[in-house]
Number of protein chains: 2
Amino acid sequence: MRNLRLDICYDGTRYRGWQRLPGVENTIQGKLEQTLSRILGEDIEISGSGRTDAGAHALCQVANFHCESTMPCPELLAQLRRYLPEDIGIYSCKEVSERFHARLNSKTKTYRYRVWNSETPCVFDRRFVYPMPEKLDLEQMRLAAANFLGEHDFSAFCANKKMKKSTIRRIDSLEIARVREEVVFTVTGNGFLYNMVRILVGTLLEVGMGQRSPESIPALFGAKREEAGHLVPAQGLCLMEVTY
Amino acid sequence: MRNLRLDICYDGTRYRGWQRLPGVENTIQGKLEQTLSRILGEDIEISGSGRTDAGAHALCQVANFHCESTMPCPELLAQLRRYLPEDIGIYSCKEVSERFHARLNSKTKTYRYRVWNSETPCVFDRRFVYPMPEKLDLEQMRLAAANFLGEHDFSAFCANKKMKKSTIRRIDSLEIARVREEVVFTVTGNGFLYNMVRILVGTLLEVGMGQRSPESIPALFGAKREEAGHLVPAQGLCLMEVTY
């Protein structure tokens with residue numbers, strides 16, 4: 001069996017997220033598996049580096065799958081580009097070691113969240129930003145963000161209430177930048193819980209609006225979901241990079 | 001009568017162009033006039049700085065209209081933002097001198113044309129680029145582009161065969177830049193004929209592919225439409241700026 005790695009981007013607007021679910025059409029994983037199975041003539045199951053939410057995007061998602069087919073990678077790449085819909089793109093397809101697993105071997109992930117922080121409507125990138133015109137204090141948000149660095153119990157930042165596994169994660173960097181009309185959050189860590197980035201951004205936005213203080217952040221570690229901020233919409237979220 | 005100026009942007013993907021046409025739904029002008037007429041309770045006719053093609057975009061189109069209404073500009077702006085579809089945005093609405101006319105007073109216009117020059121599919125900006133993976137010689141294209149500067153008879157670059165008015169236009173600058181996977185054309189001039197930018201870009205792309213020489217350009221001035229290059233698709237085209 002060969003083990004193939006795909007580097008993928010997608011506009012998640014019309015999808016129900018990455019993960020294939022029984023009875024749910026239009027998931028990224030489902031669409032990729034369906035297309036690969038047809039091209040290769042065998043049942044393909046792929047593993048992504050992680051799930052992305054319904055409506056969230058990926059500038060670079062990584063996945064791998066095993067197959068019997070001996071089709072050369074350049075040909076498979078060309079066929080994928082031909083048959084996939086225009087909102088899913090493949091950067092590369094290459095054979096990797098039998099031991100490579102997109103999810104289990106990932107070391108860090110980087111997500112970006114884009115807030116359109118202006119009264120002017122966002123016309124061209126409207127599917128990729130969260131419009132929020134309220135005045136935001138970036139200095140306060142950055143003070144708050146510094147508290148997230150390092151290893152913490154992110155239980156309050158996990159929307160899965162039945163989570164039985166560890167809710168401890170490590171955040172390596174969390175940057176907040178103003179880029180013209182946008183406020184852009186870029187966060188890198190060793191892994192993220194369900195909805196974690198979106199709740200983290202929601203919490204920081206509450207700091208930016210003066211509803212929370214930067215000093216209130218440490219008390220959220222190990223706390224209940226209700227203690228942290230609101231969940232911002234998926235459309236502003238994009239998986240940017242996975243490292244191995 | 002007050003004279004109001006609107007600065008507008010739009011994603012032209014689902015529109016039949018700027019100009020209102022009898023029996024044609026979904027033009028930008030038509031949608032703006034309909035929305036303004038409803039908000040102000042009177043029949044509004046607007047003048048744009050110029051027409052844009054079906055499927056072409058505008059980062060900054062300028063228009064003006066006369067009205068009896070005394071509604072303050074900030075209120076009208078808020079109402080427009082509320083009632084216009086999400087693919088039309090209004091930057092500003094302000095009262096201008098009775099003599100201001102968006103089309104007749106315009107001094108220069110700047111258009112941008114984006115070519116996605118890569119085998120990798122363009123996922124996020126797919127509605128705003130023309131995908132063309134062929135290898136392009138930018139040096140040759142720049143040599144060719146220099147010939148367009150100044151005043152020339154652009155008859156060969158006008159898709160309107162019944163054009164009775166002058167086909168002489170002046171081009172002030174024409175830049176070709178590679179920006180990651182894209183080749184971006186930016187052209188400024190005192191006015192553009194029907195499809196002129198798209199035929200000009202098509203001609204330069206033929207130079208880039210070695211099908212024409214830079215030295216062959218001057219012979220196109222005053223020539224027939226067939227002599228110039230092909231028409232590239234509207235989706236890559238965007239009106240960037242109008243000066244007065």
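See the structure shown above.
Residues numbered from 1 in each chain as written. Chains lettered and ligands numbered in written order. Predicted model: local features only at pLDDT ≥ 70, side-chain atom pairs only at ≥ 80, totals over all residues. Heavy atoms only, no water.

With respect to the overall build of chain A
Step number 1: If you tally the helices and strands in chain A, you get 4 helices and 10 strands.
Step number 2: Helices and strands in chain A line up, N terminus first, as β-α-β-β-α-β-β-β-α-β-β-β-α-β.
Step number 3: The globule rule puts the C-alpha radius of gyration for 244 residues at 18 Å, and the 19 Å found for chain A is close to it.
Step number 4: Seen through its principal axes, chain A has C-alpha atoms that stretch 60 × 40 × 30 Å.
Step number 5: The 244 residues of chain A split such that 56% are buried.
Step number 6: Relative to all contacts within chain A whose residues are 6 or more apart in sequence, the contacts with residues 24 or more apart total 72%.
Step number 7: Roughly 11600 Å² of accessible area belongs to chain A as shown, and the carbon and sulfur atoms make up 48% of that amount.
Step number 8: In chain A, 33 side chains carry a positive charge and 30 a negative one; their mean positions are 2 Å apart. (Helix = DSSP H or I, 4+ residues; strand = E, 2+ residues; numbered from the N terminus. Rg over C-alpha atoms; globule rule 2.2 N^0.38 Å. Buried < 20%, exposed > 50% of the residue type's maximum accessible area, 1.4 Å probe, protein only. Contact = heavy atoms within 4.5 Å. Areas by Shrake-Rupley, 256 points an atom, 1.4 Å probe, with all protein chains shown as cover. Lys, Arg positive; Asp, Glu negative; His and termini not counted. Charge placed at Lys NZ, Arg CZ, Asp CG, Glu CD.)

Looking at the relation of the copies chain B and chain A
Step number 1: Take chain B, turn it by 180 degrees, move it 0.0 Å along the axis, and it overlays chain A with an RMSD of 0.0 Å. What the rotation and shift describe, once combined, is the action of a two-fold rotation axis. Residue Asp 125 of chain B, judged by its C-alpha, is the member of chain B lying nearest the rotation axis, at 4.2 Å.
Step number 2: The overlap is high: 100% of the interface residues of chain B also sit at the interface in chain A, so the same surface is used on both sides. (Least-squares fit on C-alpha atoms with pLDDT ≥ 70 in both.)

Focus on the pattern of salt bridges
Step number 1: A full pass over the atoms with the stated rule returns 24 salt bridges over all chains.
Step number 2: The shortest N-O distance in the salt bridge between Arg 126 of chain B and Asp 11 of chain A comes to 3.1 Å. Of this pair, Arg 126 of chain B sits in the loop between strand E5 (108-116) and strand E6 (130-131) while Asp 11 of chain A is found in the loop between strand E1 (2-10) and helix H1 (28-40), placing the two residues in two different chains.
Step number 3: Owing to a relative accessible area of 11%, Arg 126 of chain B belongs among the buried residues under this scheme.
Step number 4: Assessed through its relative accessible area of 1%, Asp 11 of chain A is described here as buried. (Salt bridge = Lys/Arg side-chain N within 4 Å of Asp/Glu carboxyl O.)

Observations concerning the interface of chain B and chain A
Step number 1: Contacts between the two partners involve 23 residues from chain B and, on the opposite side, 23 residues from chain A.
Step number 2: Summed over both partners, the interface of chain B with chain A comes to about 1800 Å²; 64% of that surface belongs to carbon and sulfur atoms.
Step number 3: Sorting the residues of chain B by area buried against chain A places Val 123, Phe 124 and Arg 126 of chain B first, and these three jointly supply 35% of that buried surface.
Step number 4: At the boundary of chain B and chain A, one finds 4 salt bridges.
Step number 5: Note that Arg 126 of chain B is salt-bridged to Glu 86 of chain A, the shortest N-O span being 3.3 Å.
Step number 6: Across the contact surface, chain B and chain A share 6 residue pairs in polar contact (both at pLDDT 80 or more).
Step number 7: Contributions of two or more residues to the side of chain B that touches chain A are made by strand E1 (2-10), strand E3 (57-67) and strand E4 (88-96) of chain B. (Buried area = accessible area lost by both parts, 1.4 Å probe. Polar contact = N/O pair within 3.5 Å; in protein donor to acceptor, adjacent residues only side chain to side chain.)

Some remarks on helix H4 (residues 196-208) of chain A
All names here are of chain A.
Step number 1: End to end, H4 covers 18 Å across 13 residues, agreeing with the expected 18 Å (1.5 Å per residue, within 8%).
Step number 2: With respect to burial, H4 is a largely interior element, 13 of its 13 residues being buried.
Step number 3: Phi for Gly 210, located one or two positions after H4, is positive at around 85 degrees. (Expected span 1.5 Å × (residues − 1).)

Here's the deal with the side chain of Lys 109 of chain A
All names here are of chain A.
Step number 1: Relative to the assigned elements, Lys 109 resides in strand E5 (residues 108-116).
Step number 2: An unpaired buried charge is present at Lys 109: no salt bridge exists, and Asp 53, the closest side chain of opposite charge, is 11 Å distant.
Step number 3: In this structure, Lys 109 is in contact with Ser 49, Gly 50, Val 187, Thr 188, Gly 189, Phe 192, Leu 239, Glu 241 and Val 242, ignoring residues within four places of it in sequence.

Describing unusual backbone geometry
Residue and element names in this part refer to chain A.
Step number 1: In this model, Asn 26 sits at a positive phi of 60 degrees, which is unusual for a non-glycine residue.
Step number 2: Residue position: Asn 26 is located in the loop between E1 and H1.
Step number 3: Residue classification places Asn 26 among the partly exposed positions, given a relative accessible area of 28%.

What to know about the state of the cysteines
Step number 1: Tallied over the full model, the rule gives 0 disulfides over all chains.
Step number 2: Unpaired in terms of disulfides, Cys 67 of chain B finds its nearest cysteine sulfur in Cys 73 of chain B, a separation of 8.1 Å. (Disulfide = S-S within 2.5 Å.)

Brief notes about helix H3 (residues 138-146) of chain A
Residues and elements named next belong to chain A.
Step number 1: Within the sequence span of H3, burial applies to Leu 138, Met 141, Ala 144 and Ala 145. Take H3 and look down its axis: the buried residues cluster within an arc of 120 degrees, on one side only.
Step number 2: In the core, the buried residues of H3 are packed alongside strand E8 (168-179), strand E9 (182-189) and H4.
Step number 3: A distance of 3.1 Å separates the backbone nitrogen of Glu 139 from a side-chain oxygen at the start of H3, and that oxygen is part of Asp 137. (Arc of directions from axis to C-beta.)

Topic: the packing of H1 of chain A against helix H2 (residues 73-83) of chain A
Residue and element names in this part refer to chain A.
Step number 1: Their axes nearest at 10 Å, the elements H1 and H2 cross at an angle of 125 degrees. Judged by the inter-axis angle, H1 sits oblique to H2. For the crossing formed where H1 meets H2, the hand is right-handed. Contacts between H1 and H2 involve Thr 35, Leu 36, Ile 39 and Leu 40 from the first element and Leu 76, Gln 79, Leu 80 and Tyr 83 from the second.
Step number 2: Residues belonging to the contact of H1 with H2 are distributed by class as follows: 6 nonpolar, 2 polar and no charged. (Axes fitted to C-alpha atoms, helices over the stretch in contact; angles between N-to-C directions. Parallel < 35°, antiparallel > 145°, perpendicular 65-115°, else oblique. Left-handed = near helix turned anticlockwise from the far one by under 90°. Nonpolar A, V, L, I, M, F, W, Y, C, P; charged D, E, K, R; others polar.)

Overview of the pairing of strand E9 (residues 182-189) of chain B
Residue and element names in this part refer to chain B.
Step number 1: Among the 8 residues that make up E9, 7 are buried, leaving the element largely enclosed by the rest of the structure.
Step number 2: Bridge count between E5 and E9: 8 bridges; the pairing is antiparallel. Each bridged residue has a counterpart across the sheet, and for Arg 112 the counterpart in E9 is Thr 186.
Step number 3: Summarising the sheet, strand E8 (residues 168-179) and E9 pair through 8 bridges and their orientation is antiparallel. Residue pairing across strands places Glu 175 opposite Thr 186, the latter belonging to E9.
Step number 4: The turn joining E8 and E9, which pair antiparallel and follow one another in sequence, is formed by 2 residues; a positive phi near 50 degrees is taken by Arg 180. (Pairing = 2+ DSSP bridges.)

Some remarks on the packing of aromatic side chains
Residue and element names in this part refer to chain A.
Step number 1: With the rule as written, the count across this model stands at 20 aromatic pairs over all chains.
Step number 2: Judged by centre distance (5.8 Å) and plane angle (85 degrees), the rings of Phe 148 and Phe 221 are edge-to-face. You can see Phe 148 sitting in the loop between H3 and strand E7 (150-153) and its partner Phe 221 sitting in the loop between H4 and strand E10 (237-243), a full 73 residues away along the chain. Each member of the pair, Phe 148 as well as Phe 221, carries the same accessibility label: buried.
Step number 3: Taken together, the ring pairs connect Phe 148, Phe 154, Phe 157 and Phe 221 into an aromatic cluster. (Phe/Tyr/Trp six-rings, centres within 6.5 Å; stacked < 30°, edge-to-face > 60°.)

Shape is all these values report; function is a separate question.
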